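# Observations on chain architecture
The primary structure of each chain is shown beneath.
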Amino acid sequence: MTESRVAARVGAALGEGPVWDAQRGCLWFVDIKGRKLHRFDPECAALDSADAPREIGWALPADNGRLLCGLQDGLYWFDPDARAFTFWRAVEPALPGNRLNDACTDAQGRVWFGSMDNSEAGATGWFYRLDAGQIDRVGPGPVSITNGPAVSPGGDRIYFTDTVGRRIWQAALHDDGSLGAVQPYLTFTGDEGYPDGSITDAEGNVWVGFYAGHGARRFDPSGREIEFVRLPVANVTKLAFGGAGLTTLYATTAAKGLSEAERAAQPYAGDLFAFEAKVPGHPLARAHVA
């Protein structure tokens with residue numbers, strides 16, 4: 001049984017979007033509802049936070065030294081030195097009830113991200129590809145809550161998650177950023193909870209955090225479950241490989257949706273967890289927008 005530990009006390013309402021910044025040696029993650037961008041330094045266990053102007057779904061290190069961030073009303077740049085957000089561009093100006101939710105990069109630095117209905121009611125969410133400054137709608141949709149996407153270590157496959165529909169799709173990812181046919185990968189019908197953020201390891205296995213699922217599950221490329229790591233909180237949102245050799249898995253969690261009794265029984269809900277991986281991660285490209 002893999003043992004997890006609390007890496008940082010955060011108390012996030014909706015912790016999400018962890019990503020390892022190899023250049024800075026830190027982990028970035030967010031509290032969506034708390035409108036916070038967090039930076040965790042594992043060497044000294046230091047947690048530093050910046051206030052976001054709107055609800056923030058993700059932040060990805062970019063090759064221009066800044067972070068590209070997905071917020072409630074579109075894409076922003078974050079300057080870590082000035083600790084300042086600068087609005088860049090809108091994504092869905094005709095859907096003011098939506099917000100951006102989760103993202104990743106592929107081997108070429110293209111950014112793949114999704115949107116969702118901020119009230120979690122309507123199927124108004126879509127997946128997007130940001131490539132050389134151009135934003136295109138891609139993949140399945142519409143869905144209520146998009147999660148992922150996640151790209152295989154070889155860069156030839158991408159996964160998209162529909163959290164409310166409790167399913168994950170997959171598609172071939174070509175060198176030019178185009179997709180093959182979107183096909184089913186996993187569907188959940190039992191008591192696993194709701195599939196949330198996903199990532200891949202160096203062998204191409206897919207890790208998925210489960211909201212209301214008390215942990216994270218690892219699946220091989222065929223969809224067979226090969227590992228379950230239980231955490232002492234119900235809402236596990238997303239994982240990220242970090243540290244030397246990318247052998248530590250960090251997991252964000254959420255207190256959102258818990259009753260008063262559940263909050264009392266889960267004092268670490270919303271904190272950042274860590275555990276050691278049997279298979280390491282793979283380096284992630286920095287976002288390339290120019």
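Right above here is the structure, for reference.
Residues numbered from 1 in each chain as written. Predicted model: local features only at pLDDT ≥ 70, side-chain atom pairs only at ≥ 80, totals over all residues. Heavy atoms only, no water.

## Considerations on the overall build of the protein
The helix and strand tally for the protein stands at one helix and 24 strands. Its C-alpha atoms give the protein a radius of gyration of 17 Å, near enough to 19 Å, the size a compact globule of 290 residues would have. By its C-alpha atoms, the protein is 45 × 45 × 40 Å across when sized along the principal axes. Here the protein holds 290 residues, and the buried ones make up 56% of them. (Helix = DSSP H or I, 4+ residues; strand = E, 2+ residues; numbered from the N terminus. Rg over C-alpha atoms; globule rule 2.2 N^0.38 Å. Buried < 20%, exposed > 50% of the residue type's maximum accessible area, 1.4 Å probe, protein only.)

## Let's talk about the nonpolar core
Counting 36 residues, the largest nonpolar core has Leu37, Trp58, Cys69, Phe85 and Phe113 as its most contacted members. Where this core is concerned, the elements lending two or more residues are strand 3 (26-31), strand 6 (56-61), strand 7 (67-71), strand 8 (74-79), strand 10 (98-105), strand 11 (111-117) and strand 12 (125-131). Those residues in contact with phenylalanine 113 that sit more than four places away from it in its chain are Trp58, Val91, Leu100, Asp102, Ala103, Trp126, Phe127, Tyr128, Leu130, Ile135 and Pro149. Among the nonpolar cores identified, the runner-up in size contains 28 residues, and Trp20, Leu27, Ala251 and Ala277 belong to it. (Core = buried A, V, L, I, M, F, W, Y, C linked by side-chain atoms within 4.5 Å. Contact = heavy atoms within 4.5 Å.)

## Digging into the pattern of salt bridges
Tallied over the full model, the rule gives 20 salt bridges. Ionic pairing is found between aspartate 136 and arginine 129, a salt bridge with its closest N-O pair at 3.4 Å. Residue aspartate 136 is classed as partly exposed on the basis of its relative accessible area of 23%. Among the ionic contacts, a cluster of salt bridges with common partners joins Asp201, Arg218, Glu227 and Lys278. (Salt bridge = Lys/Arg side-chain N within 4 Å of Asp/Glu carboxyl O.)

## A word on the sheet that holds strand 13 (residues 134-143)
Spatial ordering of the open sheet is given by 10-11-12-13, a layout of four strands whose pairing is antiparallel. Looking at strand neighbours, the two that pair on one side only are strand 10 and strand 13, the edges of this open sheet. Along the sheet, successive strands turn relative to each other by an average axial angle of 25°, direction set aside. With four bridges joining them, strand 11 and strand 12 adopt antiparallel strand pairing. Opposite tryptophan 112, over in strand 12, you have arginine 129 as the bridge partner. (Pairing = 2+ DSSP bridges. Axes fitted to C-alpha atoms, helices over the stretch in contact; angles between N-to-C directions.)

## A look at the pairing of strand 23 (residues 248-254)
Counting buried positions along strand 23 yields seven of seven residues, so the element is predominantly enclosed. Residues Thr248, Tyr250, Thr252 and Ala254 line one face of strand 23 and the alternating positions Leu249, Ala251 and Thr253 line the opposite face, and both faces are buried. Relative to strand 24 (residues 272-276), strand 23 runs antiparallel, the two being bridged by four bridges. Note on strand 24: the bridge partner recorded for tyrosine 250 is alanine 274.

## Remarks on unusual backbone geometry
Cis geometry marks the peptide bond from glycine 141 to proline 142; its omega dihedral reads 0°. The topology assignment puts proline 142 in strand 13. With an omega of -10°, the peptide bond between glycine 148 and proline 149 qualifies as cis. For proline 149, the location among the structural elements is in strand 14 (residues 146-151). For alanine 212, which is not glycine, the phi dihedral falls at a positive 65°. Counting through the fold element by element, alanine 212 comes out in the loop between strand 19 (206-211) and strand 20 (215-219). Judged by its relative accessible area of 39%, alanine 212 is partly exposed. In the Ramachandran plot, leucine 246 falls in the positive-phi region, its phi being about 55° despite a non-glycine side chain.

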